[in-house]
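Structural overview for review
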Amino acid sequence: MASNLAAGFTCHANGESTPGRGSSSGRSRRHRSESESDVGPTDKSLARLCSRDEEERAAALEELSRGVLVCLELDRPGSAQLSKQTLLHLLRLSRSCPLQEVRGRATELLRTAQEQGVEVPRALASGPSSFIPAKEILKQGLDQDILIESFLSLGRVDHITMVMALHPAYLSCFLRTQHALLEMDGPLPRHWRHYIAVMAAARHQCSYQVQQHSAGFLEAGGEESWLSGLEHAPTKLRSLQTLNKLLAHRPWLITQQHIQELVCPGAEPRWSFAELIHAVVLMAHAHSLCSFVWGCSLNPEPDHIGGYTFQLPSPRRQARGKSMMEVEVLMQRMVELQQQEEECTQEEMVTRFERERSESIPTAVVRGAPPDLVLRLVEEPEFRYEDFAPKGEQSPPTMRAQDYSWEDHGFSLVNRLLPDMGQLLDEKFQVVSNLTYNRMAMHEGVDTHTLRKALWNYIHCLYGIRYDDYDYGSVNVLLERSLKVFVKTMACHPEQTTAHIYHAFWRHFRHSEKVHANLIVMEARLQAALLYTLRAITHYMR
Amino acid sequence: MEKMSRVTTALGSSAISGRTMFCHLDAPANAISVCRDATQVVVAGRNIFKIYALEEEQFVEKLNLRVGRKPSLNFSCADVMWHQMEENLLATAATNGAVVTWNLGKPSRNKQDQLFTEHKRTVNKVCFHPTEVYMLLSGSQDGFMKCFDLRKKESVSTFSGQSESVRDVQFSMKDYFTFAASFENGNVQLWDIRRPDRYERMFTAHTGPVFCCDWHPDDRGWLATGGRDKMVKVWDMTTNRAKEIYCVQTIASVARVKWRPERKFHLATCSMMVDHNIYVWDVRRPFIPFATFEEHKDVTTGIVWRHQHDPHFLLSGSKDSTLYQHMFKDATRPVDKANPEGLCFGLFGDLAFAAKESLISSDANRKPYPGGDRRYPIFFFKKPDPTEQFAHVSSALSVFETDLDSNRMDWFVKTAQLYLLCGKPFAELCDHNAKVAQELKRPQVSTTWTMLRIMFSDPANLTMPGLNHNLSKLGTLPLMNSFNMKEMSSGMGTESRLERSKGESRQDNIHLEPGNSHASNNNEENEETEGSEGQAEYMFCDAELDDDDLYSMENDNQAEEQEYMLPQEAFQLRHEIIDNPSAPEHLQQDKADSPHVSGNEAEVTCLTPIESFSLISISQPLFSPHLPASFFCPIVREMLSYYAEQGDVQMAVSVLIVLGDRIRKEIDDLTQEHWYMSYIDLLQRFELWNVSNEVIKLSTCSAITCLNQASTTLHINCSNCKRPMSNKGWICDRCHQCASVCAVCHHVVKGLFVWCQGCSHGGHLEHIMNWLKSSTHCPAGCGHLCEYT
């Protein structure tokens, strides 16, 4: 009642100032639910660390360290022990917080704790990615504005963000889209969105995303039992399974019947178009992000299962493969292709397309069984990508890019049903297709357009989308076999990406350029999946 | 006249005739084009390239240009154009980037003439020069436009748009050297064909791709553009800066736009997605299509007017594999189906209402306008040709202003504060609440309370004589028809009076259809609850009604013109009976068990003195002491739902609480809970926290009462050591100091403790209040400028 009497004052509650104010309302506090039982310094102070107000942050930092130190006062046997959760938070902050002072303090606190005899966790991974040396990724330092911004708004800088920060232009529109998908106003409730993302990520056994979205799901008020298996989720969510499966592995099989089953008036439970589009974009987003996560082999976050250990480290090594094509040769070919006036027959063009899409690129590297955490969220885990046109069989008709394109058709449909999302995706596609630094490996001032185009079209080709005006011969010329292996693995069987595959292609290229290639694959894959689904929806609507 | 003569010369002796017709194509069409004399049409698509002759009754296939066993991608057309000077010449744009010309005069089966493969990407558009035979322009996805001289093997000039994807190119009809190009990034560029180095001018026309553009056939300066942003814009290009002169908002992205021949302001559009119709717009009327063609079942991909001087024939091709000829006279005219009445609320409750003038004037009872300045007539443009123009619609717009001073929810707040819900005997509560309602001029509510008291309290308490008396008075009321009631309503509205001259009020309330008048009454929210049910109450009883009021009302009805002289306490009868059909039904149910039903029924609709007297004499035994209270439960339940549905959930909840166990079991828990939630929500919006708390406390739904019990624990940290105060009491067990010391008096605060969010000092509420009256600084001396609001 006091708060009503005096708006400028607040009732004495918990000894802390009001936890949420305007700027921080969008922040996600992913670990609230996990650490509710904690005694020591936890969430509120962690959340305040993301305040945009510098003083507020400083105060929160003080409080955090005081809280930790109080817990460490060992002369008081009855005092609260530092919880594991708190330790993990500190570990994460010490590793990934872009704010210098927070990072420093967290490290210090952990050290103090260790000196006091507390068993302190240690991050298993040396950086965000197991393919890319940490020093490559953090060359720009953690202090970039965009990372700080991301920390302040999301409450953490995850590995995806760190790796993508190699391409800041892309990162900012990626984060905007992801934020709009998961947090902003939309037809689906927030915990559903995370659950759908979990379902999607589980298809590619991407435990990184599964863990991240599971936390998001719980934080958004989701029921914990859902995560223990699909059968606990509502029927409406489970009815997405087929679409999820097809979207992840063989989007060209999606027909208007699949859409009809979900949205037709008799369907029970029925999806509205807006909800469906939202779910589809979410799933496609999560699937393509799986490609990225596997393609960069992102390490688990320090506070994820598998991301930390309380034991001592053991050394590890990395093997390197060989690249077949030298940079100069590739550049030469690109120049040639641009000047080339070679005419070839129609048949030849078709053959070239067919050759690319049916070329057998061995991608089957068998891995250990996926973790149980992921497996119980998947139905029919054996459903996988299959080559578009198995030899000697009637292949499904190719999709002509001119007949259903993102610019002309897809965009309008998405924007119609889910306002603003079309715009965000459009922007992202444009950024990724125009992203270039005009350099290749050690050479500056190179027009990489043909190479980027070849990559993009090759992925669409793997998904059966054909551009009438593209000569697929250039794919063969520009993309060396080891690159094709990587791209195809990443786009179609992301969970089978290995360090060997990653290191084998583009040996002289920088890691940031390989990440660039990753981004292209991821976005091209996203667009391909979206196009098939949107086309099915358009067909249903007419 | 000049135009007319040109038409006749162009059409020659044989004028075009025909009917709405269609034919099936083998495959979806991407584009169509018509030859100059309007006798043939070419259809092009990924898997089709055919010429059809347009005959009187049907399309006849003349020629299949798609020859060869395995047609090459050069046949896969994105666009096609028939030369308007040379009738044997066609050009196509292929999806693989080729520009192909076709000569129908060739003797061989393959009519392919020239093949230009200079573009690297799909060619989106080809365009012949309107007067020059050999000049062809193409625009491609690769961002280049190329001009070809058909006598040469290669392009003569290349124009770089410095951007990706040219979506459309169009030669100006009047300006020999000029062409316009539209781009995927939203820009439109104007080029001089002689200067390939840079564009003459460029402007941004749309957000997102501009899919199409079209020069006006007559007016040299006008260019229409259509884009993915669902807009068609008309630009005046004669000025220095391209000026947008018209803008039409459609419902889907605009794929094609074509000016209608001989009609200066008309253009046809079709969409690329979702919407399959073809619309013809009058650009001056951007909100409703002038005509619509609804034949296609998939998106329309190509539209073309059959003859460049005949506005009555439109040809269209579609992805549904059909080719249509639309007759203008067969078009749907959306304006005919449009509802010319409009109604809108302003931010402060003002109401604007527009109605067809003819609709109003046709009514015989209508009085002439008083010429008040609140009437804003709108006359739409009208041109002499009746068949080709929008139906003449002129509307009268009336604006009704709400008195800003009257806070329209006052009654709600007052009622909430003044009602007693518990703490007294039932009868007293009812009486009190009835009085509250009466004072707030809500006679129906008041009467309801009184009735509840009568129904549920000890029958011995009833004051029968009084009842009798009132009824007889009421009985003498003359029949009031709906017209009179209206008049009263406008005059007597106290809480939200519509201010307007009498003539206007009459015009709008009387001559509207019931639906409209009902809507126009909607702003008087509080009146919603007091529909004609109020009338029904006359026949029961109302011990608290004032005789004088009744008489005065009667007088007023006789002197219609003097509404403003009505006393404010009068009844507020705003609804016509017909407006609220539920009321008579309700009444009927009210008395369902009475032996006298039929008689009562009659009196509602035809209230005459004689029948009323008969009512009184017989209805008295209705309330005999022998009837148990439960007898009324169904009626009361009906009544509560009625109030809740009318939006007066306050009444529903209040009665529910006051009646308590008497009625609770009659209403299912979910409904109750719903009512409670709504009322609590309303109360909280009006910041009536205490009332809302009382309601929560008094409610019997477990879901509601628990609202009070959530988060009632306050955790306190010691103000010295900042650690949680674990034990009870005022002394921190860690630092052994008194926590929560008042900064003013330095004593421990036991009770309300206010503290500043800025410096976290605080103390006793009164102390802080007093302190901050005289000083702006924190009493603790920390230097913070505290603020107490």
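This one's a predicted model, so the numbers in the text were calculated from it and none came from an experiment. In every chain, residue numbers begin from 1 and rise along the written sequence. To read the labels, note that chains go from A and ligands from 1, taken in the order they are written. The predicted origin of the model limits local features to residues at a pLDDT of at least 70 and limits the giving and counting of side-chain atom pairs to 80 or more, whereas totals for whole chains, interfaces and linings rest on all residues. Working from all heavy atoms in the structure, the side-chain values ignore hydrogens and water.

Turning next to the overall build of chain B. Only DSSP runs of H or I with at least four residues qualify as helices, and only runs of E with at least two residues qualify as strands; both kinds are numbered from the N terminus onward. Tallying secondary structure elements over chain B gives 22 helices and 35 strands in all. Exposure is judged per residue with a 1.4 Å probe applied to protein chains only, and the accessible area is read against the type maximum: over 50% gives exposed, under 20% gives buried, and values in between give partly exposed. Buried positions account for 54% of the 789 residues belonging to chain B. In this description, contact between two residues means that some pair of their heavy atoms is separated by no more than 4.5 Å. Partitioning the contacts of chain B with sequence separation of at least 6, the portion at a separation of at least 24 is 53%. Note on areas: these come from Shrake-Rupley sampling with a 1.4 Å probe, and a residue is covered only by the protein chains present in the view. A total of about 35,700 Å² of accessible surface is found on chain B, and carbon and sulfur atoms cover 53% of it.

For the rest of this paragraph, the subject is empty space enclosed by the protein. Residues and elements named next belong to chain A. The rule is simple: put a 1 Å grid over the protein atoms alone, call a set of points where a 1.4 Å probe fits but cannot get out a cavity, call an open set with protein on both sides within 12 Å along at least five of seven lines a pocket, and count a residue as lining if it has an atom within 4 Å of a point. Grid points are joined across faces, edges and corners, and a volume is the space filled by probe spheres set on the points. There is about 190 Å³ of room inside the largest cavity. In terms of lining, the largest cavity is formed by 17 residues, of which the most central are R439, T448, W506, E513 and H516. Among the elements of the structure, β5 (439-440), α21 (449-462) and α25 (511-541) are those that each provide at least two residues to the lining of the largest cavity. Looking at the lining of the largest cavity, the element that brings in the most residues is α25, giving five residues. Charged residues are taken to be Asp, Glu, Lys and Arg, nonpolar residues to be Ala, Val, Leu, Ile, Met, Phe, Trp, Tyr, Cys and Pro, and polar residues to be all remaining types, Gly included. Here the residues of the lining of the largest cavity are counted per class, giving eight nonpolar, six polar and three charged.

Looking now at the sheet that holds strand β25 (residues 291-293) of chain B. All names here are of chain B. Strand pairing is defined by DSSP finding a minimum of two bridges between the two strands. With respect to topology, four strands assemble into an open sheet ordered β22-β23-β24-β25, the strand pairing being antiparallel. This sheet does not close on itself; its edge strands, each paired only once, are β22 (254-259) and β25. Going across the sheet, the axis of each strand differs from the next one's by a mean of 20°, ignoring polarity. Note: strand β23 (residues 266-271) against strand β24 (residues 278-282), five bridges, orientation antiparallel. Bridging across to β24, C270 finds its partner in I278. Helix axes are fitted to C-alpha atoms over the stretch in contact, other axes to C-alpha atoms as well, and angles between N-to-C directions run from 0 to 180 degrees.

Here the focus is the nonpolar core. Nine residue types can take part in a nonpolar core, namely buried Ala, Val, Leu, Ile, Met, Phe, Trp, Tyr and Cys, and a core is a set of them joined through side-chain atoms within 4.5 Å. One finds A:M164, A:Y195, A:L240, A:W271, A:L276 and A:F292 to be the most contacted residues of the largest nonpolar core, which totals 161 residues. Of the residues forming this core, the biggest block, 16 residues, is contributed by α25(A). The contact partners of A:W271, leaving out residues within four places of it in the chain, are A:L188, A:W192, A:I196, A:K236, A:L237, A:S239, A:L240, A:L262, A:V263, A:L276 and A:A279. Counting 50 residues, the second-largest nonpolar core is a separate cluster that includes B:F426, B:M455, B:F456 and B:I680.

With that settled, the discussion passes to the environment of A:W294. All names here are of chain A. Along the chain, the position of W294 falls in helix α15 (residues 273-295). Judged by relative accessible area, W294 falls into the buried class, the value being 18%. Residues W294 and C206 lie 88 residues apart in sequence; the distance between their C-alpha atoms is 7.5 Å.

The subject of this paragraph is the environment of A:L424. Residues and elements named next belong to chain A. On the secondary structure map, L424 appears in helix α20 (residues 421-434). Between the C-alpha atoms of L424 and Q178, which are 246 residues apart in sequence, the distance is 9.5 Å. Discounting chain neighbours no more than four positions away, the residues touching L424 are R176, T177 and A180.

Another point: the environment of B:P289. Position of B:P289 among the secondary structure elements: in the loop between β24 and β25. For the pair B:P289 and B:P334, spaced 45 residues apart in sequence, the C-alpha to C-alpha distance is 6.5 Å.

What follows covers helix α7 (residues 145-154) of chain A. All names here are of chain A. Residues of α7 that are buried: I146, L147, S150, F151, L152 and L154. Turning to α7, the residues buried within the fold contact α3 (54-72), α4 (84-96), α8 (159-164) and α9 (168-182). Just beyond α7, the residue with positive phi is G155, at close to 90°.

Let us look at the confidence of the model for chain A. Residue and element names in this part refer to chain A. Per-residue confidence for chain A gives a mean pLDDT of 76; residues scoring 70 or more make up 77%. Confidence scores labelled pLDDT are given residue by residue by the predictor and lie between 0 and 100. Per-element confidence in chain A ranges from a low mean pLDDT of 35 for strand β1 (residues 9-10) to a high of 92 for α15. Considering only residues more than four positions removed or in separate chains, one finds that residues 1-41, a stretch of pLDDT under 50, has 90 contacts. Low pLDDT (under 50) marks residues 313-323, which in the prediction has 18 contacts with non-local residues, meaning those over four places away or in another chain.

Right, let's talk about the packing of aromatic side chains for a bit. Note on ring pairs: Phe, Tyr and Trp rings are taken, using the six-membered ring of Trp, and paired if centres are within 6.5 Å. Classes follow the plane angle, with under 30 degrees stacked, over 60 edge-to-face and the rest tilted. Within this structure, the stated rule accounts for 42 aromatic pairs over all chains. Between the aromatic rings of B:F412 and B:Y679, the centroid separation amounts to 6.0 Å while the plane-to-plane angle is 80°, which identifies the pairing as edge-to-face. Pair noted here: B:F412 is in helix α4 (residues 410-418) and B:Y679 is in helix α19 (residues 669-685), with a separation of 267 residues, a long-range link. Accessibility expressed as a relative area gives 2% for B:Y679, which makes it buried. A centroid spacing of 5.2 Å and a plane angle of 40° characterise the contact between B:F412 and B:F686, whose relative ring orientation is tilted. Taken together, the positions of B:F412 in helix α4 and B:F686 in the loop between α19 and α20 (689-698) put the pair 274 residues apart, joining distant regions of the chain. Residue B:F412 is classed as buried on the basis of its relative accessible area of 2%. Here the aromatic residues A:F131, A:F486, A:Y502, A:F505, A:W506 and A:F509 are joined through ring pairs into a cluster of three or more. We note A:K236 situated over the ring of A:W271; from NZ or CZ to the ring centre the distance is 5.1 Å. Should the NZ of a Lys or the CZ of an Arg lie within 6 Å of a ring centre and within 35 degrees of the ring normal, that charge is described as sitting over the ring. The positively charged end of B:R260 is found above the aromatic ring belonging to B:F328, 3.5 Å away from the centroid.

So, on to the pattern of salt bridges. A carboxyl oxygen of Asp or Glu within 4 Å of a side-chain nitrogen of Lys or Arg is what we treat as a salt bridge. Applying the stated criterion to the full structure yields 32 salt bridges over all chains. In this structure, B:R46 and A:D468 form a salt bridge, with 2.7 Å as the shortest nitrogen-oxygen distance. Of the two residues, B:R46 is situated in the loop between β3 (40-44) and β4 (49-54) and A:D468 in the loop between β7 (465-466) and α22 (473-478); the pairing between them involves two chains. With a shortest N-O distance of 3.9 Å, B:K233 and B:E244 are connected by a salt bridge. A residue pair is termed long-range when its members are at least 10 positions apart, and B:K233 in strand β20 (residues 231-236) and B:E244 in strand β21 (residues 243-249) qualify at 11 residues. On the basis of relative accessible area, B:E244 is assigned to the partly exposed category, the value being 36%. Shared partners join several salt bridges into a network, and the residues in it are A:R400, A:D403, A:D468 and B:R46.

Here we take up the pairing of strand β11 (residues 135-140) of chain B. Residue and element names in this part refer to chain B. By the criterion of burial, β11 is predominantly enclosed, with six of the six residues buried. What you see with β11 is no split at all: M135, L137 and G139 on one side and L136, S138 and S140 on the other are buried throughout. Of the pairings in the sheet, the one linking strand β10 (residues 123-128) to β11 comprises five bridges and is antiparallel in character. When the bridges of β11 are listed, V123 appears paired with S140. Adjacent in sequence and paired antiparallel, β10 and β11 are bridged by six residues. As paired strands, β11 and strand β12 (residues 144-149) are joined by five bridges and run antiparallel to one another. Within the sheet, the bridge partner assigned to L136 lies in β12 and is F148. As consecutive antiparallel partners, β11 and β12 are separated by three residues, and within that stretch G143 has a phi angle of approximately 90°, a positive value.

All names here are of chain B. Most of strand β27 (residues 310-318) sits inside the fold, with eight of its nine residues counted as buried. Alignment of strand β26 (residues 300-307) against β27, held across six bridges, turns out to be antiparallel. Residue pairing in the sheet places I303 in a bridge with S316 of β27. Between β26 and the antiparallel strand that follows it, β27, lie two residues. Alignment of β27 against strand β28 (residues 322-327), held across five bridges, turns out to be antiparallel.

This brings us to the side chain of B:K125. As for its position among the elements, B:K125 is in strand β10. Setting aside anything within four residues of it in sequence, one finds B:K125 in contact with B:D79, B:A93, B:L137, B:S138, B:G139, B:R167, B:D168, B:V169, B:Q170 and B:R256.

Right, let's talk about the state of the cysteines for a bit. Residues and elements named next belong to chain B. Sulfur atoms of two cysteines make up a disulfide when they are within 2.5 Å. One pass over the full model with this rule turns up zero disulfides over all chains. This cysteine, C212, is not joined by any disulfide, and C213 carries the nearest cysteine sulfur, 7.2 Å off. The class for C212 is buried, based on a relative accessible area of 3%.

Before going further, it helps to spend a moment on unusual backbone geometry. You will see that A:N438, though not glycine, has its phi angle at about 50°, which is positive. Locating A:N438 in the fold gives a position in the loop between α20 and β5. Of note, the phi angle at B:S321 is positive, near 65°, even though the residue is not glycine.

Right, let's talk about the sheet that holds strand β14 (residues 166-171) of chain B for a bit. Residue and element names in this part refer to chain B. Strand order in the open sheet formed by four strands is β14-β15-β16-β17, with antiparallel pairing between adjacent strands. Looking at strand neighbours, the two that pair on one side only are β14 and β17 (201-204), the edges of this open sheet. The sheet shows a mean angle of 20° between the axes of neighbouring strands, direction not considered. Of the strand pairs in this sheet, β14 and strand β15 (residues 178-183) are connected by five bridges, and their pairing is antiparallel. Bridged to D168 within β15 is S182.

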